[in-house]
Amino acid sequence: GFTYDLKDDYLKLGYSKEEAAEFDSLLTISAICSAVEKAGHTIERIGNVDVLYQKLLGDNSAIINERWDFVFNICEGLRGSGRESLVPALLDSYQIPYTFSDPLTHAITLNKAVTKRLLKSEGIATTDFVLISSLTELDSMNLSYPCFVKPVSEGTGKGITPKSKVHNKAELAAQVTERLKQFKQPVLVEPFLTGREVTVGVLGTGANAFCLGVMNVGFTDKADSDIHSYYNKENCEFAAVYTPAKDEFAAKCADLALRAHRLLDIKDACRVDIRADEHGEPQIMEINSLPGLMPGRSDLILLAEMFDYSYQQVIEAIIKSAVERQLTT
């Protein structure tokens with residue numbers, strides 16, 4: 001089975017491009033289906049959680065386990081802090097195995113504040129932060145400027161613009177106000193990291209996980225800032241510059257990413273975004289336990305190709321990891 005959120009479905013319902021930014025194109029859906037079939041499997045396109053509900057609760061629910069040996073799940077979900085956990089939780093309740101992480105891990109990694117607290121508890125480098133739920137909490141904030149402001153539970157650069165980098169209390173208050181209103185969730189405020197930025201790809205689970213590679217993230221003069229904003233991510237073809245990273249800094253980042261992957265019990269694959277502080281030391285910014293898989297565009301896929309992994313090999317590695325997990329439980 002194959003569960004996914006098709007971007008066009010949500011655009012037709014009236015959602016904006018930014019609201020649907022995390023959802024997948026038909027190109028991605030078709031590419032994954034093709035790769036799964038080339039790996040020797042048959043695949044049934046299920047679609048989003050609404051369709052999954054119907055199939056699980058329909059007249060044929062008694063034979064679901066006979067039809068789906070396991071589900072390739074890339075559903076991002078639509079609302080709430082548990083949106084990435086919804087499909088895995090449903091599949092768990094029907095004892096249907098699936099790719100990628102379980103509900104708990106997805107809920108943790110979607111919430112950047114919870115992720116950072118857990119990383120800090122194990123001494124894995126990440127910056128200090130303040131979580132703001134109302135403007136009154138700004139008075140007790142003790143971080144130094146410049147700071148960086150972003151929604152606590154969004155991806156794909158949603159809510160991130162050049163104005164997310166703030167230099168004083170007035171700018172901070174303006175950004176916090178705007179983000180609280182737009183996303184209706186707490187806002188994460190952290191020191192702005194001034195150094196080199198990379199993203200790290202990890203494949204596998206637990207002791208079998210390995211670093212796929214490390215990719216430098218830079219920006220052209222056509223970018224709207226020197227940060228991975230929503231605009232820059234949506235226009236990465238001309239706004240971003242990606243190059244392989246193979247030096248000592250990259251090795252440090254690979255180690256951090258693997259430690260985080262294992263600590264949070266991430267399964268099958270993830271992407272870890274890291275940026276250096278003023279001392280040149282890498283700090284984990286955020287972790288994506290459900291990384292994008294769009295051919296020729298998603299960071300994990302671009303990174304994989306730089307390190308001689310084809311799209312087919314990435315999909316097969318994810319499937320292999322998922323199958324191996326089922327054989328050992």
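Just so we're clear, the structure is a prediction, and the values are computed from it rather than from any experiment.

Analysis parameters
Residues numbered from 1 in each chain as written. Predicted model: local features only at pLDDT ≥ 70, side-chain atom pairs only at ≥ 80, totals over all residues. Heavy atoms only, no water. Pairing = 2+ DSSP bridges. Helix = DSSP H or I, 4+ residues; strand = E, 2+ residues; numbered from the N terminus. Contact = heavy atoms within 4.5 Å. Axes fitted to C-alpha atoms, helices over the stretch in contact; angles between N-to-C directions. Buried < 20%, exposed > 50% of the residue type's maximum accessible area, 1.4 Å probe, protein only. Salt bridge = Lys/Arg side-chain N within 4 Å of Asp/Glu carboxyl O. Core = buried A, V, L, I, M, F, W, Y, C linked by side-chain atoms within 4.5 Å.

Trainee: Which parts of the structure should I look at to understand the sheet that holds strand β3 (residues 72-73)?
Mentor: Across a sheet, paired strands are connected by hydrogen bonds in the backbone, their directions being either parallel or antiparallel. On the basis of which strands lie adjacent, the open sheet formed by three strands has the order β2-β1-β3 and parallel pairing. What marks the edges here is a single partner per strand, and that holds for β2 (45-47) and β3. The pairing of strand β1 (residues 2-3) with β3 spans two bridges and is classified as parallel. Within β3, the residue paired with Phe2 across the bridge is Phe72. Across the sheet, helix α2 (residues 26-38) lies against β1, β2 and β3, angled at about 145 degrees from β2, the strand it touches most.

Trainee: What exactly am I supposed to notice about unusual backbone geometry here?
Mentor: With the exception of glycine, most residues fall at negative phi, and the peptide bonds are largely trans. In this structure, the amide linkage connecting Tyr145 to the following residue, Pro146, adopts the cis form with an omega of 0 degrees. Along the chain, Pro146 falls in the loop between β4 (130-132) and β5 (147-151). Despite not being glycine, Phe100 has its phi angle at roughly 70 degrees, a positive value. With respect to the helices, strands and loops of the structure, Phe100 is situated in the loop between α5 (86-93) and α6 (103-110). Residue Phe100 is classed as buried on the basis of its relative accessible area, which comes to 0%. Its identity is not glycine, yet Lys184 carries a phi of approximately 50 degrees, on the positive side. Relative to the elements of secondary structure, Lys184 occurs in the loop between α8 (169-183) and β7 (187-191).

Trainee: Please clarify how the pattern of salt bridges should be interpreted in this entry.
Mentor: Opposite charge on two side chains makes pairing possible when the charged atoms of those side chains draw close. Following the criterion strictly, the structure yields 20 salt bridges and no others. Note that Lys169 and Asp139 form a salt bridge whose closest N and O atoms lie 3.0 Å from each other. Taken together, the residues Lys169 in helix α8 and Asp139 in the loop between β4 and β5 connect sequence positions 30 residues apart. Overall, the relative accessible area of 60% leaves Asp139 in the exposed class.

Trainee: I'm lost on the environment of Pro186 in this one. Help?
Mentor: Relative to the helices and strands, Pro186 is located in the loop between α8 and β7. Spatially, the C-alpha atoms of Pro186 and Ala223 are 27 Å apart, while their sequence positions differ by 37 residues.

Trainee: I would appreciate a short explanation of the nonpolar core in the present structure.
Mentor: Nonpolar side chains tend toward joint burial in soluble globular proteins. One finds Phe2, Ile32, Phe72, Ile74, Leu293 and Ile315 to be the most contacted residues of the largest nonpolar core, which totals 35 residues. Elements that contribute at least two residues to this core include exactly α2, β9 (210-219), β10 (240-245), α12 (299-306) and α13 (311-327). When residues in this core are grouped by element, the largest group, six residues, is from α2. Residues in contact with Ile74, not counting those within four places in the same chain, are Phe2, Thr3, Tyr4, Asp24, Ile29, Ile32, Phe100, Leu290 and Leu293. Within the second largest apolar cluster, 25 residues are counted, among which are Leu256, Leu258, Ala260 and Val272.

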